[in-house]
Every structure is written in C-alpha cells, then in structure tokens.
Amino acid sequence: MEKRIALCPGSFDPITKGHLDIIRRTARLFDEVVVLVMVNYAKNNTAFSGQERVDMASRVTADLPNVRVEFFDGLLADYARKIGPCTVVKGLRAVSDFEYEFQMALTNKKLCPSMETMFMTTAIEYMYLSSSMVRQVASFGGDISAFVCPELAQEIQDRLAKKA
Ligand code: PNS
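Residues numbered from 1 in each chain as written. Predicted model: local features only at pLDDT ≥ 70, side-chain atom pairs only at ≥ 80, totals over all residues. Heavy atoms only, no water.

- If you check an unreviewed UniProt entry, the protein appears there as Phosphopantetheine adenylyltransferase from Candidatus Allofournierella pullistercoris.
- Reading the Function (unreviewed entry) entry of the UniProt record for the protein gives the comment "Reversibly transfers an adenylyl group from ATP to 4'-phosphopantetheine, yielding dephospho-CoA (dPCoA) and pyrophosphate."
- Regarding the protein, the UniProt comment filed under Catalytic activity (unreviewed entry) reads as follows: "(R)-4'-phosphopantetheine + ATP + H(+) = 3'-dephospho-CoA + diphosphate". (UniProt positions renumbered as here; feature names shortened; annotations may be inferred.)

Here's the deal with the UniProt feature "binding site: substrate" (unreviewed entry) in the protein
Thought 1: The positions UniProt marks with the feature "binding site: substrate" (unreviewed entry) are Ser11, Lys43, Leu76 and Lys90. In the annotated group above, the largest pocket draws its lining from Ser11, Lys43, Leu76 and Lys90.
Thought 2: Note on placement: lysine 43 falls in the loop between strand 2 (32-38) and helix 2 (50-60).
Thought 3: Tracing the backbone shows leucine 76 in helix 3 (residues 76-83).
Thought 4: Its relative accessible area of 11% is what places leucine 76 among the buried residues.
Thought 5: Here leucine 76 is in contact with Leu7, Pro9, Leu36, Met38, Val88, Asn108 and Met115, once residues within four sequence places are set aside. (1 Å grid on protein atoms, 1.4 Å probe; cavity = no way out; pocket = protein on both sides within 12 Å on 5 of 7 lines; lining within 4 Å. Helix = DSSP H or I, 4+ residues; strand = E, 2+ residues; numbered from the N terminus. Buried < 20%, exposed > 50% of the residue type's maximum accessible area, 1.4 Å probe, protein only. Contact = heavy atoms within 4.5 Å.)

Below, the structure is given as structure tokens:
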C-alpha cells in the first residue's frame, strides 16, 4: 500500500505548542509527516530566518520518528506535485480561520488535484494561541513559557526582547 504522507505547512515564526499539538496528532494518523516551513507572502518579514524556523521545528519534533522538517520557498501545490499524493493538514482555531483556510484549500486543489486538505480542530487549550501573539509578548519581555516548548522559550525571548 502507498505511504500516507501528510504535509503540515506554515510560517512557524516561531513554532508554538499549538502547532506542535497538530503535528503530533497528525503523526499518529499518517505514515510520514513533512513539517513544511514556508513563506507567507501575505505577511511582512518574519522575525526568524528560514533556517532558524527549521531548526526550532526540528528540535521540538526530534522525538517523532515519522516527522521531518523542510524549508520550501514556493507554492505548496508545487511541493505537493513533486512528492506525489499527499494530504495537507491544517489546524483550525476558530471560525475566523476558516474562510482563509478554505480559500487556500480550494486554490491548492485547483493547482494540484492530487492533493487533499484536511482540517484538524485545535486543542481547546491552544485555541487562542498564535505566533504573532508569542512575538508580541516576547518583544515586551513577557513570559512565553505557556505558549512555546520549554527548550525554545529562552532563546525566543532573548532574540525578540532585543528588538523591543
Ligand atoms: O502559518 P501561516 O502563515 O498561516 O501559513 C501559511 C502558508 C505559509 C502555509 C501559506 O501562506 C502558503 O502555503 N504559502 C506558500 C505559497 C502558496 O502556496 N500559497 C497558497 C496559494 S493560495
């Protein structure tokens, strides 16, 4: 049987406990999971470079043997076409996420018909959480330990506090 491959794409600027929860749950459902660190052209410059975002995502998923992290600066549909049949898994926090995610899913389907998109409900404890909120709290020197993995908290804090 063909391997079931999931893609978890995002900016991951930085990766949060909410992202990790979706990745872990996806890893239980699929044979292989690619965490795809990408560029969201609707957002301005990221706080962390592509390499830094890949490093952070790699460290917090190191215990998951069927998960790998890659960087791709291009269309998600092009990446999907390159690897063959796969499923994009996106976390949905609230109704407000839906319209944008739905539009992206339909666009991606048009560009790459072999690719599916599935939405996974975010765990209730992370419903409010976003990378932009983490960046904002960290830039003012606030405590982000509830929002990101313990091994990343200090360095995110140090990096972003300098920019405040
Ligand atoms: O974490 P984000 O910023 O919500 O992730 C959005 C991301 C990076 C997955 C999305 O912007 C994306 O897929 N970017 C790559 C370019 C692309 O394929 N755009 C979709 C066409 S609708």
